[in-house]
Amino acid sequence: MKSEEYTKLFEIEQNNWWYKSRRRLINNYLRDNFVPKQSRLILDVATAAGTNLFEFNRFGKIIGIDIAQESLKICQSRNIKDLICGDAMNLPFANNSFDMVFAFDALEHFSDDHKTVSGFYDTLKPQGKLLITAPAFMALWSEHDEAFHHFRRYKKNELEQLLKTKGFYIEYIGYWSMTLFIPVYLYRKMRTMFHKKQGAHNNECYSDFFTTIPKWAEKILGGIQLVESILIRNGISFPFGVSLFCIAFKKSNGA
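The shown structure was predicted, so the numbers you read here are calculated from the model rather than taken from an experiment.

### Quick notes on the overall build of the protein chain
Looking only at helices and strands, the protein chain features nine helices and seven strands. Among the 255 residues that make up the protein chain, the fraction classed as buried is 52%. Once local pairs closer than 6 in sequence are excluded, the contacts in the protein chain between residues at least 24 apart make up 75%.

Quick look at the structure:
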């Protein structure tokens, strides 16, 4: 990820409608299925600005891992101490170490996602849970992905198959941000065409988070996502969306 993106991420992660919506989705699942327990050990992969370590720490002790020095500096400036500088494709932990692994918009950053998922599996304890959010559909690929140094976007069946081939069992997998799919698709295509016309597309790529939208629009977008999160919580499955949400687990003794 570009250094400018880390700075921007730090600035917006607390209040941006999209990040708040993602945290709500994850919090709903955690609150419905787990009591707070500090003996629970959680690994936060590609911890970025460290917000997950604040947001979900009531559910266990969270250790953040990131290979980027920019990320670690930002986390340290926020007085976050449980940090490790390391490569998620070569996790520096013994097998069966963690009760949970968080990979929130992380898997798309790794050149070898098969190796990365195998590492998640090994580091989880039997019955350990893997929580994933990931960008969906290569049709939505844009300079947003390039700025974040993504390698891919996933379809539901692609992510599901990847996890199953590495030994995971799927508890839940589904799309979210369905309502925003068409607007996001059109916005990104128009933005790409505009930048190509300006001759800037191959020189400077910035994420969607550098686009300023009015406060009233943020409230509408946040409200749409709130409705979707309620529907997902009540068992509704969407046929497509901008992102994927998945919970997988490792069976006892890997069986």
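### Details of empty space enclosed by the protein
Within this structure, the stated rule accounts for one cavity of 30 Å³ or more. Taken together, Ser-21, Arg-24, Leu-25, Trp-176, Gln-225, Glu-228, Ser-229 and Ile-232 make up the full set of residues lining the largest cavity. If you tally residues by element for the lining of the largest cavity, the top one is helix H9 (residues 215–233), at four residues. Here the residues of the lining of the largest cavity are counted per class, giving three nonpolar, three polar and two charged.

### Section: a nonpolar patch on the surface
On the surface, Ile-182, Tyr-185, Leu-186, Met-190 and Met-193 cluster together into a nonpolar patch covering about 510 Å² of accessible area. Along the chain, Met-193 falls in helix H8 (residues 181–198). We classify Met-193 as exposed; its relative accessible area is 54%.

### As for the packing of helix H2 (residues 17–33) against H9
At their nearest, the axes of H2 and H9 sit 9 Å apart, and the two run at 20° to each other. In terms of orientation, H2 and H9 fall into the roughly parallel class. Seen along the crossing, H2 lies across H9 with a hand that is right-handed. Side by side, H2 and H9 meet where Trp-17, Ser-21, Arg-24, Leu-25, Asn-28, Arg-31 and Asp-32 of the first sit next to Glu-218, Leu-221, Gly-222, Gln-225, Leu-226, Ser-229, Ile-232 and Arg-233 of the second. Each residue belonging to the contact of H2 with H9 can be placed in one class, and the counts come to five nonpolar, five polar and five charged.

### Overview of the pattern of salt bridges
Taken as a whole and assessed by the stated rule, the structure comprises nine salt bridges. With its nearest N and O atoms 2.7 Å apart, the salt bridge here joins Asp-105 to Arg-22. Here Asp-105 is found in the loop between strand E4 (98–104) and helix H5 (113–123), whereas its partner Arg-22 is found in helix H2, with 83 residues between them in sequence. Relative accessible area serves as the criterion here: at 5%, Arg-22 is assigned to the buried category. A salt bridge links Arg-152 to Asp-113; its shortest N-O distance comes to 3.6 Å. Note that Arg-152 is positioned in the loop between helix H6 (143–147) and helix H7 (156–165) and Asp-113 in helix H5, a separation of 39 residues in sequence.

### A few points about the packing of aromatic side chains
By the definition in use, this model includes 13 aromatic pairs. Taken together, a centroid distance of 5.1 Å and an interplanar angle of 20° make the contact between Phe-137 and Tyr-175 stacked. Pair noted here: Phe-137 is in the loop between strand E5 (124–135) and H6 and Tyr-175 is in strand E6 (residues 169–176), with a separation of 38 residues, a long-range link. Its relative accessible area of 16% is what places Phe-137 among the buried residues. Judged by relative accessible area, which is 6%, Tyr-175 ranks as buried. Among the aromatic side chains, those forming a connected cluster through ring pairs are Phe-137, Tyr-175, Phe-181 and Phe-240. A cation over an aromatic ring shows up here: Lys-250 above the ring of Tyr-121, its NZ or CZ 4.8 Å from the ring centre.

### A look at the nonpolar core
In terms of nonpolar packing, the biggest core is built from 66 residues, with Leu-30, Leu-130 and Leu-159 touching the most fellow members. By residue number, the principal contributor to this core is H2, which donates seven residues. In contact with Leu-159, not counting residues within four places along its chain, are Leu-107, Ile-132, Tyr-154, Ile-173, Leu-244 and Cys-246.

### Some thoughts on the sheet that holds E6
Judged by pairing direction, the sheet is mixed, and its seven strands sit side by side in the order E3-E2-E1-E4-E5-E7-E6 without closing on themselves. The two strands at the open ends of the sheet, each matched to only one other strand, are strand E3 (83–85) and E6. The mean inter-strand angle of the sheet, taken between neighbouring strand axes irrespective of direction, is 15°. Pairing analysis gives five bridges linking strand E1 (residues 41–45) to strand E2 (residues 61–66), with the strands arranged parallel. Among the inter-strand pairings, Val-45 is bridged to a residue of E2, identified as Ile-65.

The rules we used
Residues numbered from 1 in each chain as written. Predicted model: local features only at pLDDT ≥ 70, side-chain atom pairs only at ≥ 80, totals over all residues. Heavy atoms only, no water. Helix = DSSP H or I, 4+ residues; strand = E, 2+ residues; numbered from the N terminus. Buried < 20%, exposed > 50% of the residue type's maximum accessible area, 1.4 Å probe, protein only. Contact = heavy atoms within 4.5 Å. 1 Å grid on protein atoms, 1.4 Å probe; cavity = no way out; pocket = protein on both sides within 12 Å on 5 of 7 lines; lining within 4 Å. Points joined across faces, edges and corners; volume = space filled by probe spheres on them. Nonpolar A, V, L, I, M, F, W, Y, C, P; charged D, E, K, R; others polar. Patch = residues over 30% accessible without salt bridge, like charges linked within 9 Å, V, L, I, M, F, W, Y side chains within 5 Å. Areas by Shrake-Rupley, 256 points an atom, 1.4 Å probe, with all protein chains shown as cover. Salt bridge = Lys/Arg side-chain N within 4 Å of Asp/Glu carboxyl O. Axes fitted to C-alpha atoms, helices over the stretch in contact; angles between N-to-C directions. Parallel < 35°, antiparallel > 145°, perpendicular 65-115°, else oblique. Left-handed = near helix turned anticlockwise from the far one by under 90°. Phe/Tyr/Trp six-rings, centres within 6.5 Å; stacked < 30°, edge-to-face > 60°. Lys NZ or Arg CZ within 6 Å of the ring centre and 35° of its normal. Core = buried A, V, L, I, M, F, W, Y, C linked by side-chain atoms within 4.5 Å. Pairing = 2+ DSSP bridges.

Treat this as a map of the structure, not an account of what it does.
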